[in-house]
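Observations on the three-dimensional arrangement
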Amino acid sequence: LSSPGTRLLETINKNLFPNLTYGVNSGGDPKDIPSLTYQQLRDFHHEYYHPSRCLFYFYGNMPLEEHLDFIAKHALEGAVSKTPLPELPKQQRFTVPVKATTHYPISEEEEVTNKTWISYTWLTCDILQQEEQIALSILEAALLDTDASPLKQALLQSHLCTQVSSYIEGDITEAPWVITVQGCEPENADRIEQVLFETLNTIVQNGIPQKLIDNALHQLELYRSEITGGSYPFGLSLFMRSALLKQHGVNPQEGLMIHSIFQRLRDRMDAEPNMFTHLISKYLINNPHFVRVVMSPDKELSKRELEEEKQTLAQLQKKLKKEQIDEIIAKAKALKTLQVKESETELDVLPIIHIADVPKKVRDFPLIHEQKGALNIYRHECFTNNILYTDLTFPLQGISKTELTDLRLFLLFFPQVGCGGRTYAENLEYIQAHTGGVSASFSLNIQATDYLQYSPYLTIQGKALNRKADKLFALYNDLLSSVDFTNIARLKEVLLKHYTSLENSLHQNPLNYAINLSSSGLNPASAISNECYGLPYYHNIKKIVQDFDNCAEKLVQKMQAMQQRLLNVQGAHLVLSCQEDIADELRKENYFSLPDISMQKSNPWQMDITPSPIESQGRTISSPVAFTSKVFNTTPYIHPDSPAINVAANLFDNTILHTRIREQGGAYGGGASHNSHSGSFFFYSYRDPNIFSTVQAFEEATREMIKGNFTEADLEEAKLEMVQSIDSPVAPGSRANVAYHWMRKGQTLERRQAFRDRLLSLTKQDVISAIEKHILPKLEKSATVTFSGKNLLTKENKIFTDHKLMPLKILPIT
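Attention here is on the structure that accompanies the text. The numbers attached to residues start from 1 for each chain and follow its sequence in the written order. For a predicted model such as this one, the threshold for reporting local features is a pLDDT of at least 70, and the threshold for listing and counting side-chain atom pairs is 80 or more; totals across whole chains, interfaces and linings nevertheless cover every residue. Here the side-chain values reflect all heavy atoms present in the structure, with hydrogen atoms and water set aside.

1. Considering the nonpolar core
Grouped together as the largest cluster of nonpolar side chains are 89 residues, with contacts concentrated most on Leu409, Phe410 and Phe413. When residues no more than four places from it in sequence are discounted, the contact partners of Leu409 are Leu495, Tyr537, Ile541, Ile544, Leu555 and Met559. The nonpolar core is taken to be a set of buried Ala, Val, Leu, Ile, Met, Phe, Trp, Tyr and Cys residues, with the residues joined through side-chain atoms within 4.5 Å. Burial classes follow relative accessibility: with a 1.4 Å probe on protein chains only, a residue under 20% of its type's maximum area counts as buried, one over 50% as exposed, and anything between as partly exposed. By size, the runner-up hydrophobic cluster in this structure holds 51 residues, among which are Leu196, Ile203, Ile258 and Phe262. In this description, contact between two residues means that some pair of their heavy atoms is separated by no more than 4.5 Å.

2. What about helix 24 (residues 712-726)?
In this description a helix means any DSSP run of H or I spanning at least four residues, a strand means any run of E spanning at least two, and both kinds are numbered starting from the N terminus. Each helix should span, by expectation, one fewer than its residue count multiplied by 1.5 Å. Over its 15 residues, helix 24 runs 21 Å from end to end, which matches the ideal 21 Å to within 8%, given 1.5 Å per residue. Those residues of helix 24 not exposed but buried are Leu715, Ala718, Lys719, Leu720, Met722 and Val723. Its buried side turned inward, helix 24 meets helix 22 (642-664), helix 26 (749-760) and helix 27 (764-774). N-capping of helix 24 is provided by Thr711, with a side-chain oxygen placed 3.3 Å from the backbone N of Ala713. Identification of polar contacts relies on pairs of N or O atoms within 3.5 Å, with a donor-acceptor requirement for protein atoms, meaning one able to donate a hydrogen and the other able to accept it, and with residues adjacent in sequence counted only if both atoms are side-chain atoms.

3. A word on the packing of helix 13 (residues 404-413) against helix 19 (residues 535-546)
Where helix 13 contacts helix 19, the two axes come as close as 10 Å, and the packing angle between them is 75°. Between helix 13 and helix 19, the angle falls in the class roughly perpendicular. Note on element contacts: helix 19 touches helix 13 through Tyr537, Asn540, Ile541 and Ile544, opposite Thr405, Arg408 and Leu409. Axis lines are fitted through C-alpha atoms, for helices just across the contact stretch, and the angle between N-to-C directions can take any value from 0 to 180 degrees. Any angle from 65 to 115 degrees is called roughly perpendicular, while one under 35 is roughly parallel, one over 145 is roughly antiparallel, and all others are oblique.

4. Regarding unusual backbone geometry
With phi around 60°, Asn385 is a residue other than glycine that occupies positive phi space. What makes Asn385 partly exposed here is its relative accessible area of 27%.

5. Focus on helix 22
With 23 residues, helix 22 ought to run about 33 Å at 1.5 Å a step, and its terminal C-alpha atoms sit 31 Å apart, in line with that. Of the residues flanking the end of helix 22, it is Gly666, one or two places downstream, whose phi is positive at about 85°.

6. Quick word on the pattern of salt bridges
Between Lys or Arg on one side and Asp or Glu on the other, a salt bridge is scored when a side-chain nitrogen of the former is within 4 Å of a carboxyl oxygen of the latter. In the structure shown here, the tally under the stated rule is 46 salt bridges. Here Arg467 ties to Glu221 by a salt bridge, and the two come within 3.4 Å at their closest N and O atoms. Taken together, the residues span a long stretch of sequence, with Arg467 in the loop between strand 12 (457-465) and helix 15 (469-482) and Glu221 in helix 7 (residues 210-225) at a distance of 246 residues. Three or more residues are tied together by salt bridges with common partners; here these are Glu131, Glu132, Glu254, Arg264, Arg268, Glu272 and Lys282.

7. Brief notes about the sheet that holds strand 4 (residues 174-184)
Sheet strands line up and pair through hydrogen bonds in the backbone, either parallel or antiparallel. Here five strands make up an open sheet; going across it, the order is 1-5-2-4-3 and the pairing mixed. The sheet is open, and its two edges are formed by strand 1 (98-105) and strand 3 (163-168), each paired on a single side. Strand-to-strand twist in this sheet, taken as the mean axis angle between neighbours without regard to direction, amounts to 20°. Pairing between strand 2 (residues 116-126) and strand 4: eight bridges, direction antiparallel. Of the residues in strand 4, the one forming a bridge with Trp122 is Trp177. The sheet contacts of helix 11 (residues 301-319) involve strand 1 and strand 5 (290-298), and relative to strand 1 the element is tilted by about 90°. Sitting on the sheet, helix 16 (residues 488-508) touches strand 2, strand 3 and strand 4, and the angle it makes with strand 3 is about 65°. Two strands pair under a simple rule: DSSP has to find at least two bridges between them.

8. What about the side chain of Arg408?
Here Arg408 shows up in helix 13. In this tally, Asp and Glu contribute negative charge and Lys and Arg positive charge; neither His nor the terminal groups of the chain are included. We note that Arg408 is buried and unpaired, the nearest opposite charge coming from Glu531 at a distance of 11 Å. Ignoring anything within four residues of it in the chain, the contact list for Arg408 reads His498, Cys532, Tyr533 and Tyr537.

9. Concerning a nonpolar patch on the surface
Residues qualify for a patch when their relative accessible area is over 30% and they have no salt bridge, like charges being joined within 9 Å and the nonpolar side chains of Val, Leu, Ile, Met, Phe, Trp and Tyr within 5 Å. Only the protein chains shown count as cover for residues, and the accessible areas themselves come from Shrake-Rupley with a 1.4 Å probe. A cluster of nonpolar side chains, contributed by Phe44, Tyr48, Tyr49 and Leu85, occupies part of the molecular surface with about 460 Å² of accessible area. Looking at the element boundaries, Tyr48 is found in helix 2 (residues 38-48).

10. A word on the packing of aromatic side chains
The description of two aromatic rings rests on the distance between their centres and on the angle between their planes. Stacked, edge-to-face and tilted are the three classes for Phe, Tyr and Trp ring pairs, Trp counted by its six-membered ring, which pair at centre distances within 6.5 Å; planes under 30 degrees apart are stacked, over 60 edge-to-face, the rest tilted. Scanning all chains against the criterion turns up 27 aromatic pairs. An angle of 85° between the planes, with centres 5.8 Å apart, marks the rings of Phe473 and Tyr476 as edge-to-face. Note that Phe473 and Tyr476 are positioned in helix 15 at a spacing of three residues, about one turn of the helix. Between the aromatic rings of Phe652 and Phe681, the centroid separation amounts to 6.0 Å while the plane-to-plane angle is 85°, which identifies the pairing as edge-to-face. Within this pair, whereas Phe652 is found in helix 22, its partner Phe681 is found in strand 17 (residues 680-688), the two being separated by 29 residues in sequence. Of the two residues, Phe652 and Phe681, both sit in the buried class. A connected cluster of aromatic rings, assembled from ring pairs, spans Phe632, Phe652, Phe681, Phe683 and Phe698. Looking at Arg241, its charged tip hangs above the ring of Tyr223, at a distance of 5.6 Å from the centre. The cationic tip of Arg752 hangs over the ring face of Trp742; the distance from NZ or CZ to the ring centre is 3.6 Å. Counting as a charge over the ring demands two things of the Lys NZ or Arg CZ atom: a distance within 6 Å of the ring centre and an angle within 35 degrees of the ring normal.

In short, shape yes, function no, at least from these values alone.
As structure tokens, this is what we get:
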């Protein structure tokens, strides 16, 4: 709940579902957790976590009958079936809308202007109405998918907010449609709501252009056709689409059908020309089950909540008799003893594989190389379900340290402005109609032979259904030859939206900022990453936003200059993941001919950037918990000790850090990680109520490993964990990109095989020696960087001082 987005969602659900379990925090509200009894927890578990109330889901190439037999024997045999749970009742519908206010914590140093979040939420159709729900998803995409979509555009151009997001939650019994605006003032909630409903009424009166519906259908078809799970495995994404429906009594196949459901929708659209405007009237304009939440920043909220918690605990303690207090203390000690004992006990409760079962050969995604004029083409052939994935890369040229912010802004603006004679709105419509999206980024490509060396390049990334390949390459031609940065109003709109996202990320992902800051003094690549993704970038964007009107013309000139310098087809590479037939078609239609608009010759990257040492510090954010990082250099990828350092990180996690930091320390998570590509070793924790004891756990883990306090079984488990990360599935659309990165980083097949061979053959002594050489000497010298609330930093600094250790220097994030 230190995240504003989480607080907002909790308030929405509480008011939208006052009579259902959805209105209750599923993880437990911190205010209510102290009132939970042990018996209540046991009874709840016994009632609901029962084998007869479990859904078993399988995905992959596996012996199904054997798995079913295993489950029958070990989970179901002897279990007495409980009566099926009754279906979740429907939420009683409101007769009048609900308006609620809430707050989220913000640090004392931060400004409160334009930091209010406002959400507008409707409860729509039942999950059993899958066709209706998909129709609503199409409508949502048509109205709000891009900055040019009519409802989103109206909200942004009202200048009452800087960011608009929307989603329909389709995994629960009745689907909420949530529209959230950010960068607001609380007194503008009524005006924004007026813009919202006036725009919806206008759309109903005038109708929705058919091209917007077709574009939205295209996006949903492409999304449902992709063989990828996004942030989780593809099999799990199919589970989310199907098995959750089964729990609500829906045929699970409904969630997996693509073309048949779309065809039914098209038939319905033909029969009901006003279908989508009718949906707007039914579910948005004339739906009284509507909740508005205004969530404003509050600099005193953290203090008040902390004081309330202290008072609650004090009142609980006041009611306890001495013998009850003694019993609690005894149980706490017994729990600690039990945790230590269990961490040392062999728990053979899961099926086990061994290193002998692991494939010895490293996998590879071969690239086919050809040249078309000045363009080098690298292609990996694989089944992509008729989707073309492309990466167009350009070597980055002579960017100075002071231009790094301009570089990232160029990449931000590039796909969001006009080109090819189209306005930005027309261009966004074109992208939505014909592609799966276009983005721009840059990669440093730290070299496998030396983490001090890197080979940066800029990438324009896009994807499209095979039948739309001509449109995707036409867009590339337009972007390279005629991208237009002169619409200052559009640049400001994109910049304000971006700045709002950066402000949110400081509170939602502070660990990323802590890691970037703590690693910025290690090597040039880390220093560049911090300049582009850490606090320096946030501060630079803040300055530009505050002085935009005075620097707008200069910003346009910088973007135009970047365009002339960076988009040089000489030295450019095109990377493709696709089926063989589409590659033949691309070649036949001569789609590989791209314009070269750069006015400069391709020169190698040369940046004089000297990393500055980082001191241990605490940066104040509005959070009662800490996000902590310690980072230091180790070895390059090809070093024989690199696999051992990776395995050491897993050993730290499994044998000590998980127990010390999470189980005993109460943190949400923490551990160690080694990036073998950059040669950086990380100790970290997040949502952690401790700082000093966590840092001590990092040192304890290191010293325990050097003493050899881990077993051969621990070593094998750590190796298998490393193999799992190396061999994790790669989506078909990403395979050419992965192989291309291997090539650019110098991670040849031979070097990757040598890494794997060394990993599989590691001995206990190899790991101990690697820790002694590469981790222990640097651990004490490395800086501790933590992002946390001022109260926690002050409290923990006293502990550092009591142990005669240097306290953290407390600094603001602003």
